[in-house]
Amino acid sequence: MSITNARVSELEELCRKFRVDVLTAIHGIQSGHPGGSLSVCEIMTLLMQERMNLQRPDDPARDRLVLSKGHAAPMLYRNLIEKGFLPADCMGSLRRIDSLLQGHPSVHTPGVEIPAGPLGLGLSAAQGMAIALRAQGHTSRVWAILGDGELDEGCIWEAAMSAPKFGLNNLCAIVDWNGVQLDGTNDEVMPLGDLAAKWAAFGWNVIECGGHDIAALDAAMDAAEAYVNGPSVILAKTVKGKGVSFMEGKAAWHGKAIDAESFAAAMKELGGAAE
Amino acid sequence: MKAIREVYGEALVELAKDNDKILVLDADLSGSTKSGMFGKAYPERFFNMGIAESNMVATAAGMASCGMIPFVNTFAVFLTTLGLISARGQVCYGNLNVKFGGAYCGMSDAFDGSTHHACEDIAVMRTLPNMRVLVPSDTASSKALTRVAAELEGPVYLRLSRDVYPDLYSEDEVFEPGKGKIVRDGTDVTVVACGILVHKALEAAEKLAEEGISVRVVDMLSIKPIDRELLVRCAEETGCIVSAEEHSIYGGLGSAVAEALADAGVPVPMQFVGIQDVFTESGPYAQLLAKYGIDAEGVAVAVRKALSKKK
Ligand SMILES: Cc1ncc(C[n+]2csc(CCOP(=O)(O)OP(=O)(O)O)c2C)c(N)n1
Ligand SMILES: [Mg+2]
């Protein structure tokens, strides 16, 4: 049941628009995280706009998305707008006072499943959701999106150890493996070693794929859903700042305000409006 | 006038020059906390632990147990939550010589929102036996208290802002643990403040003077041990107290002041300026301070209320 080329093209166009809107909002408030919002774009958009059972934010049987790397919130908000869960014109209120769109996900925002911001906690929360949903007899799936730097946190590996114990085949972790964290690259800050071997040793079904290739991601997600013996993890190779040449692979663009000149250049590359 | 975090980064580099026991650790925020300045100057004495705060603090505990003086750094909110298990169970219980640099205190990481604001850190750290809690309020005090922290034996928590504070003290001012300072004299009421609220209190005092209210402002740079003698004197001389802090009204400076006065047997009418037991939010820093009532206006309102309860 593979995704059609036509649908892939539609989603690619949606991703382009989302990148424009997310950068516009981050530029507007002169604060936020461009790099990690751009790298997670295809992963999140494919899940939320195509794959997940997500008709209403209060449907108990809905699939759950946990954005554990909460600083990519703007990309989540843009996806929630597309779902119709948030007002179409709210992106501009990002990070402003009295806003629905907090700097990091807050449950005041319809469609946000659980708060995020302190890194390292999302996989455990996703595990809890997977256990609860299974107990309730729902066939819902839980997707947890993790940063690669976030994998430094011990709690991630505590969940990595427990989820296979509980046989959570309704849980899939996706690592946004862009190779860069805040102070520098993974190798500079904390080398991750052989990630695939680590997850496999903890008892996970490990799937590797390109994280900006929608068809490849879709196939990886199919494989995760088909695996019944326990949880799956998709190691999605991404580029931090993907889509804007001068941001790509640069730790400096992790959490930097976008100046006017850089914004204009970014919009030119993405085909967005410069003001 | 520099951002407090810059001053702190420079102070660490300075300290290391004549003390080779100083080691610095960070948890993938060295560009933000400015511990990275130390990392550049002394790469062999700097340890980036990745995004792993528990590991960082427990590692520092081990270093301290072998005679080193480690400074651990990350945002105050993560240091006093993820770092707490070791801070309590190893560092404080073992009275180990670990120094905690709590960066981006209060709401100073304004836009990131509630998850990144530290509004409980004073309360958390203050209750740990052996821990000292110091809060600088300008460039000179930030620099000096970083040195004080290094020279004190045992655990110290330094509460540091992301922001720029106006200067209050000269370079040669002396700061001691357990000592606050009167930064403006007055007779009707004392505002006991720390950090950015010292500046807001001074601003309020200026305005209130126009209404004929004489406000004394105390900068309580040492919350633990607290300057009990000074507090008692202020209570007796001005007859009412307002505490002002960028922190929850529970468990922080205000609580420490009330505890000290109650215990000394000189309870006076008191008002508490701080976060009113709510989660904060994202926004420009000044707007947040105003919304949560921890600006000059908030201090002024509390002063009038305290005065109205004074006999
Ligand atoms: C517990 C905790 N420590 C530190 C931070 C500060 N922080 C925010 S993002 C980040 C880097 C994240 O890197 P990564 O997980 O690789 O995210 P991405 O590259 O996808 O943006 C850090 C250190 C945090 N939010 N939470
Ligand atoms: Mg990364």
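Residues numbered from 1 in each chain as written. Chains lettered and ligands numbered in written order. Predicted model: local features only at pLDDT ≥ 70, side-chain atom pairs only at ≥ 80, totals over all residues. Heavy atoms only, no water.

Student: Let's hear about the environment of Glu173 of chain B: which residues, and what values?
Tutor: Residue and element names in this part refer to chain B. Summarising the element assignment, Glu173 is placed in the loop between β6 (156-159) and β7 (181-184). Placed 29 residues apart in sequence, Glu173 and Ala144 show a C-alpha to C-alpha distance of 8.4 Å. Looking at Glu173, its side chain comes within polar contact range of the side chain of Lys181, at 2.8 Å. (Helix = DSSP H or I, 4+ residues; strand = E, 2+ residues; numbered from the N terminus. Polar contact = N/O pair within 3.5 Å; in protein donor to acceptor, adjacent residues only side chain to side chain.)

Student: Run through unusual backbone geometry, naming residues and quoting values.
Tutor: The omega angle of the peptide bond from Lys224 of chain B to Pro225 of chain B is -5°, so this bond is cis rather than trans. Inspection of the secondary structure assignment puts Pro225 of chain B in the loop between β10 (222-224) and α10 (228-238). Positive phi values are uncommon outside glycine, yet Arg95 of chain A reaches one of about 65°. The phi dihedral of Asp28 of chain B falls on the positive side, at around 60°, and the residue is not glycine. Tracing the chain through its elements places Asp28 of chain B in the loop between β1 (22-26) and α2 (30-33).

Student: For the site of ligand 1, give the residues involved together with the corresponding values.
Tutor: Taken together, the neighbourhood of ligand 1 is formed by 25 residues, with Lys69, His71, Asp148 and Lys240 of chain A together with Glu53 of chain B sitting nearest. One of the backbone N or O atoms of Glu150 of chain A is found 2.9 Å from an oxygen atom in ligand 1. Compared with its free state, where it exposes 600 Å², ligand 1 has 99% of that area covered by protein. For the shell around ligand 1, the residue count by class is eight nonpolar, nine polar and eight charged. (Near = heavy atom within 4 Å. Areas by Shrake-Rupley, 256 points an atom, 1.4 Å probe, with all protein chains shown as cover. Nonpolar A, V, L, I, M, F, W, Y, C, P; charged D, E, K, R; others polar.)

Student: Provide a residue-level description of the side chain of Glu153 of chain A, including the pertinent values.
Tutor: Its location among the elements puts Glu153 of chain A in the loop between β2 (142-147) and α6 (154-165). Leaving out residues up to four positions away in the same chain, Glu153 of chain A has contacts with Leu119 and Gly120 of chain A together with Ile51, Ala52, Glu53 and Leu82 of chain B. (Contact = heavy atoms within 4.5 Å.)

Student: Provide a residue-level description of the pairing of β1 of chain B, including the pertinent values.
Tutor: Residue and element names in this part refer to chain B. Along β1, five of the five residues are buried, which leaves the element largely enclosed by surrounding structure. Burial along β1 is two-sided: Ile22, Val24 and Asp26 facing one way and Leu23 and Leu25 facing the other are all buried. Strand direction decides the pairing type here: β1 and strand β3 (residues 69-75), joined by five bridges, are parallel. For Leu23, the partnering residue across the bridge sits in β3 and is Pro70. (Buried < 20%, exposed > 50% of the residue type's maximum accessible area, 1.4 Å probe, protein only. Pairing = 2+ DSSP bridges.)

Student: Explain the interface of chain A and chain B to me, and be specific about the residues and the numbers.
Tutor: At the interface, 25 residues of chain A touch 24 residues of chain B. With both chains or domains summed, chain A and chain B bury close to 1,800 Å², and 53% of this area falls on carbon and sulfur atoms. Linking chain A to chain B there are two salt bridges. Arg95 of chain A is the salt-bridge partner of Asp112 of chain B, the closest N and O atoms lying 2.7 Å from each other. In this structure, the connection of chain A to chain B is made through 16 residue pairs in polar contact (both at pLDDT 80 or more). (Buried area = accessible area lost by both parts, 1.4 Å probe. Salt bridge = Lys/Arg side-chain N within 4 Å of Asp/Glu carboxyl O.)

Student: Describe empty space enclosed by the protein, with residues and values.
Tutor: All names here are of chain A. In total, this model carries four cavities of 30 Å³ or more according to the counting rule given. Within this model, the largest cavity holds a volume of roughly 120 Å³. Lining the largest cavity are 16 residues, and of these Leu65, Leu76, Gly111, Val112 and Glu113 lie nearest its centre. At the level of secondary structure, the elements contributing two or more residues to the lining of the largest cavity comprise β1 (64-67) and α4 (73-83). Ranked by residues supplied to the lining of the largest cavity, first place goes to β1 with three residues. Residues that form the lining of the largest cavity fall into these classes: 14 nonpolar, one polar and one charged. (1 Å grid on protein atoms, 1.4 Å probe; cavity = no way out; pocket = protein on both sides within 12 Å on 5 of 7 lines; lining within 4 Å. Points joined across faces, edges and corners; volume = space filled by probe spheres on them.)

Student: Would you mind going over the coordination of the magnesium ion (ligand 2) in detail, with residue names and values included?
Tutor: All names here are of chain A. Only Asp148 (OD), Asn178 (OD1) and Val180 (O) from the protein coordinate the magnesium ion (ligand 2), and they sit 2.1 Å from it. Sequence positions of the donors to the magnesium ion (ligand 2) reduce to the motif D-x29-N-x1-V. Of the two residues, Asp148 sits in the loop between β2 and α6 while Asn178 sits in the loop between β3 (171-177) and α7 (186-189), which places them 30 residues apart along the sequence. Classification of Asn178 by relative accessible area gives buried; the value is 11%. (Donors = N, O, S within 2.8 Å, 3.2 Å for Na, K, Ca; no water.)

Student: Quick one: what's the story with the layout of surface pockets, residue by residue and with numbers?
Tutor: Empty pockets left among the atoms are what a rolling probe the size of a water molecule brings to light. Residue and element names in this part refer to chain B. Looking at the second largest pocket, its volume works out to about 510 Å³. As for the second largest pocket, its lining consists of 26 residues, of which Gly113, Ser114, Thr115, Phe279 and Thr280 are closest to the centre. Among the residues making up the lining of the second largest pocket, the classes are represented as 10 nonpolar, 11 polar and five charged. For the lining of the second largest pocket, the two domains that each supply at least three residues are domain 1 (4-159) and domain 2 (181-308). (Domains from an automatic or database assignment.)

Student: Could you give an account of the sheet that holds strand β8 (residues 189-193) of chain B, with specific residues and numbers?
Tutor: All names here are of chain B. With mixed pairing, five strands are arranged side by side in an open sheet as β7-β9-β8-β11-β12. Edge positions in the sheet fall to β7 and β12 (270-275), since each has one partner strand and no second. Geometrically, the sheet is characterised by an average inter-axis angle of 25° between neighbouring strands, direction not taken into account. Bridge count for β8 against strand β9 (residues 215-219) is five bridges, and the pairing is parallel. When the bridges of β9 are listed, Val192 appears paired with Val218. Sheet contacts for helix α9 (residues 196-210): β7, β8, β9, β11 (241-248) and β12; angle to β9, the most-contacted strand, approximately 170°. Across the sheet, helix α13 (residues 296-308) is in contact with β8, β9, β11 and β12; its angle to β12 comes to roughly 160°. (Axes fitted to C-alpha atoms, helices over the stretch in contact; angles between N-to-C directions.)

Student: Any chance you could break down the sheet that holds β1 of chain A for me, citing the residues and the numbers?
Tutor: Backbone-to-backbone hydrogen bonds join strands into a sheet, with any given pair of strands oriented parallel or antiparallel. Residue and element names in this part refer to chain A. Taken in spatial order, the five strands of this open sheet run β1-β2-β3-β5-β4, and their pairing is parallel. A strand with exactly one partner marks an edge of an open sheet, and here the two such strands are β1 and β4 (205-210). Each strand axis lies, on average, 20° off the axis of its neighbour in the sheet, ignoring direction. Bridge count between β2 and β3: six bridges; the pairing is parallel. By the bridge assignment, Trp143 is partnered in β3 with Cys172.

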